[in-house]
Amino acid sequence: MTASTNGKYDRTPLIAGNWKMNMDHVQAITLLQKLAWTLSDARHDFKRVEVAVFPPFTDLRGVQTLVQGDDLEVVYGGQDLSPHDSGAYTGDISGQFLSRLGCRYVLVGHSERRTIHGESDELLQGKVQAAYRHGLVPVLCVGEGLEVRQSGGHVEHTLAQVRADLAGLDAEHAARLVIAYEPVWAIGTGEVAGPADAQEMCAAIRAELVELYDADVASGVRLLYGGSVKASNAAAILRERDVDGVLVGGASLDVAEFANIVRFEHHLLTN
Ligand SMILES: O=C[C@H](O)COP(=O)(O)O
């Protein structure tokens with residue numbers, strides 16, 4: 001179990017903004033600077049609620065320079081990595097490069113990688129291992145499409161992804177993992193899985209981690225929900241027992257909106 005707690009949660013909540021293929025390296029600096037100022041003005045405590053951004057690869061050097069230069073507490077990660085460490089893999093990015101750029105996290109198996117790029121569980125298993133080889137924490141993304149959801153097979157489908165992608169991973173590494181549940185039908189569509197849907201799947205994933213490892217490992221893994229999260233629905237989702245954070249796409253490009261998601265506790269207290 002993580003040491004830090006905000007009183008209501010056993011695990012430090014993680015609010016993650018995935019910028020996807022948006023923001024060039026100049027825009028990225030402006031966005032991150034505004035986010036840092038907004039959160040600083042609001043006296044955000046980054047130890048209570050961790051904030052991470054996932055910019056495009058070409059932005060990472062600028063983000064690193066800003067974070068280090070201004071001593072920002074926002075952490076960051078890559079949107080993908082190669083299962084290989086180096087070599088003739090044109091267009092791919094090694095975890096070593098991300099690590100050298102100060103990344104803490106890396107997304108693995110985002111639904112857009114699985115669907116658009118046809119990434120298989122076998123490949124993702126290699127990416128999870130590569131992340132750990134380079135000291136990065138993988139944010140493993142899992143979730144079902146609309147057809148699977150409508151057929152009622154969403155829990156088994158998602159758990160099968162978890163089992164396949166974590167195959168061969170030992171308990172010590174698994175304990176540091178972050179898993180994001182993203183129902184594909186709720187991504188960028190405005191459709192949002194309800195808090196109960198998010199809790200159902202996160203509880204099922206946690207139970208699966210008990211089976212795969214043990215209760216200690218399972219209770220330390222942070223489970224995020226992703227899919228059309230906004231300031232208006234984040235607090236209700238984050239109130240759920242097994243939901244430890246959110247992976248935000250579109251709304252993370254709007255500083256005020258994202259800052260309000262980060263400050264979800266404020267909404268919990270005032271609503
Ligand atoms: O990585 C983020 C998820 O794909 C959710 O994206 P969205 O918030 O734009 O629906």
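Below you will find a few notes about this structure. Predicted, not measured: the structure shown is a model, and the values here were computed from it. (Residues numbered from 1 in each chain as written. Predicted model: local features only at pLDDT ≥ 70, side-chain atom pairs only at ≥ 80, totals over all residues. Heavy atoms only, no water.)

Brief notes about the nonpolar core
Part 1 of the argument: Among the nonpolar cores identified, the biggest contains 71 residues, and Ile15, Leu32, Ile179, Ile205, Tyr225 and Ile261 are the most heavily contacted of them.
Part 2 of the argument: Those residues in contact with Ile261 that sit more than four places away from it in its chain are Ile15, Val229, Lys230, Ala231, Ala234, Val246, Val248 and Ala251. (Core = buried A, V, L, I, M, F, W, Y, C linked by side-chain atoms within 4.5 Å. Buried < 20%, exposed > 50% of the residue type's maximum accessible area, 1.4 Å probe, protein only. Contact = heavy atoms within 4.5 Å.)

With respect to the packing of helix H5 (residues 121–133) against helix H7 (residues 154–165)
Part 1 of the argument: Contact geometry of H5 with H7 gives a least axis separation of 8 Å together with a crossing angle of 50°. Compared by their axis directions, H5 and H7 come out oblique. Along the contact surface, H5 presents Asp121, Leu124, Gln125 and Val128, while H7 presents Gln161, Ala164 and Asp165.
Part 2 of the argument: Tallied by class, the residues present in the contact of H5 with H7 amount to three nonpolar, two polar and two charged. (Axes fitted to C-alpha atoms, helices over the stretch in contact; angles between N-to-C directions. Helix = DSSP H or I, 4+ residues; strand = E, 2+ residues; numbered from the N terminus. Parallel < 35°, antiparallel > 145°, perpendicular 65-115°, else oblique. Nonpolar A, V, L, I, M, F, W, Y, C, P; charged D, E, K, R; others polar.)

As for helix H12 (residues 255–262)
Part 1 of the argument: By the burial criterion, the buried members of H12 are Val255, Phe258, Ala259, Ile261 and Val262. Buried positions in H12, seen along its axis, are confined to an arc of 155° and lie on one side of it. (Arc of directions from axis to C-beta.)

So, the environment of Gly245
Part 1 of the argument: Within the secondary structure layout, Gly245 lies in strand S8 (residues 245–248).
Part 2 of the argument: Every residue in contact with Gly245, bar those within four places of it in the chain, is listed here: Leu14, Leu223, Leu224, Tyr225 and Leu238.

Focus: the sheet that holds strand S2 (residues 50–54)
Part 1 of the argument: Spatially, S1-S2-S3-S4-S5-S6-S7-S8 is the arrangement adopted by the eight strands of the closed barrel, whose pairing is parallel. Going across the sheet, the axis of each strand differs from the next one's by a mean of 25°, ignoring polarity.
Part 2 of the argument: Pairing of strand S3 (residues 75–78) with strand S4 (residues 105–108), which is carried by two bridges, proceeds in the parallel orientation. Looking at S4, one finds that Gly78 is bridged to Val106.
Part 3 of the argument: Its contacts with the sheet put H7 on strand S5 (137–142) and strand S6 (178–181), and the angle it makes with S5 is roughly 150°. (Pairing = 2+ DSSP bridges.)

Considerations on the pairing of S4
Part 1 of the argument: Residues Tyr105 and Leu107 of S4 are buried on one face, and the alternating residues Val106 and Val108, pointing to the opposite face, are buried as well.
Part 2 of the argument: What joins S3 to S4 is helix H3 (residues 95–100), and the crossover it makes is right-handed. (Right-handed = clockwise from strand over helix to strand, strands pointing away.)

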